[in-house]
Amino acid sequence: MRKLATGKLRAQGPLERVLVLLVLAIIVGIVVGLVLPNINDGAARLTGRYTATGTAAETLQKLTVDDSGGASGYDRDAFGYRTTDDDGNGCDVRDDVLARDMTDVTYTKSGGCKVKTGVLADPYTGQTIHFQRGQQTSSAVQIDHVVALENAWRSGASSWDEAKRLQFGNDMYNLLAVDGPANQDKGSKSAAYWLPTNGDYRCDYVARQIGVKDKYDLTVTSAEKQAMLSVLHGCPGQSIPEDR
């Protein structure tokens, strides 16, 4: 019912009621389309949320899915992070990654390889970090294993020999200079439980994880695979980053 200018009331006509119902149906449809895929896995599949294209998605489909992996026996030291100097420049892999990922890099001495200062465009947060080497400041930029060491252990590394673990622990393809607090927040979480807050980097992040897992023949869990596909759905044609 609605009030007319004369003060009298009259019922809505059939056409008006149809229009109201049509508008309500459109609103409900939009809400369902946006919300339901986030709370119902079956609906997400029906709406194509787990479909993706590109070499990253194609490579992901080739990875073995295994939900049985456990952390029993895991020891971070087994991967020997920062114990090797593969390029023979006199510095461990932390300084090599800092030099690769930062700009305006200076060194502690001329001709040396130990990074003193630099500017990092942090991929995980999107922030700019001015790095200064020092006991109280170095931790502002940390080196993240994109596929975390414990995740690798659960995914197949528990059966590797020492040489392969050392290779993985110091492989620059799996290492990124990132914001320290973001790295701490990530910990050993897979893509099913942690993604960078910088949404613009999520596709590249997931693609690199897939590239690393493919390189080392590691497995993914069901939840991890779905999370990766959900991210890749939003970046059609996403490629695997080069190993360099």
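A quick note: this is a predicted structure, and the numbers were derived from the prediction, not measured.

Colleague: Would you explain the overall build of the protein in this entry?
Modeller: Within the protein one finds nine helices and seven strands. Taking all 244 residues of the protein together, the buried fraction comes to 40%. In the protein, 67% of the contacts between residues at least 6 apart in sequence involve partners at least 24 apart. Of the roughly 13500 Å² that the protein leaves accessible, carbon and sulfur atoms contribute 53%.

Colleague: Looking at this structure, I do not really get the pattern of salt bridges. What am I missing?
Modeller: Opposite charge on two side chains lets them pair, provided their charged atoms get close. For the coordinates displayed, the defined rule picks out eight salt bridges. In this structure, lysine 186 and aspartate 144 form a salt bridge, with 2.9 Å as the shortest nitrogen-oxygen distance. Of the two residues, lysine 186 is situated in helix α7 (residues 180–186) and aspartate 144 in strand β6 (residues 141–145); the sequence distance between them amounts to 42 residues. Of the charged contacts in the structure, one is a salt bridge between lysine 215 and aspartate 243, with a shortest N-O distance of 2.7 Å. Pair noted here: lysine 215 is in helix α8 (residues 202–215) and aspartate 243 is in the segment after α9 (222–233), with a separation of 28 residues, a long-range link. One salt-bridge network, in which partners are shared between bridges, spans Asp171, Lys215 and Asp243.

Colleague: Mind showing me how you'd approach the layout of surface pockets here?
Modeller: Left-over empty space is what a probe sized like a water molecule reveals as it rolls over the atoms. By volume, the largest pocket is sized at about 280 Å³. Residue lining of the largest pocket: Arg100, Asp101, Leu120, Ala121, Pro123, Tyr173, Leu176, Ala177, Arg208, Pro241, Glu242 and Arg244, and that is the complete set. Elements with a minimum of two residues in the lining of the largest pocket: α4 (93–101), β4 (115–121) and β7 (175–179). Within this model, the second largest pocket holds a volume of roughly 240 Å³.

Colleague: Please clarify how the state of the cysteines should be interpreted in this entry.
Modeller: A disulfide bridge is the covalent bond that connects two cysteines by way of their sulfur atoms. Going through the model one piece at a time under the given rule, you end up with two disulfides. Between the sulfur atoms of cysteine 91 and its disulfide mate cysteine 113 the distance is 2.0 Å. Across the disulfide from cysteine 91 to cysteine 113, rotation about the S-S bond amounts to roughly 95°, and the bridge is consequently right-handed. Placement of cysteine 91 in the loop between α3 (55–62) and α4 and of cysteine 113 in the loop between β3 (103–107) and β4 is noted, with a sequence separation of 22 residues between them. For cysteine 203, the disulfide goes to cysteine 235, at an S-S distance of 2.1 Å.

Rules of the game
Residues numbered from 1 in each chain as written. Predicted model: local features only at pLDDT ≥ 70, side-chain atom pairs only at ≥ 80, totals over all residues. Heavy atoms only, no water. Helix = DSSP H or I, 4+ residues; strand = E, 2+ residues; numbered from the N terminus. Buried < 20%, exposed > 50% of the residue type's maximum accessible area, 1.4 Å probe, protein only. Contact = heavy atoms within 4.5 Å. Areas by Shrake-Rupley, 256 points an atom, 1.4 Å probe, with all protein chains shown as cover. Salt bridge = Lys/Arg side-chain N within 4 Å of Asp/Glu carboxyl O. 1 Å grid on protein atoms, 1.4 Å probe; cavity = no way out; pocket = protein on both sides within 12 Å on 5 of 7 lines; lining within 4 Å. Points joined across faces, edges and corners; volume = space filled by probe spheres on them. Disulfide = S-S within 2.5 Å.

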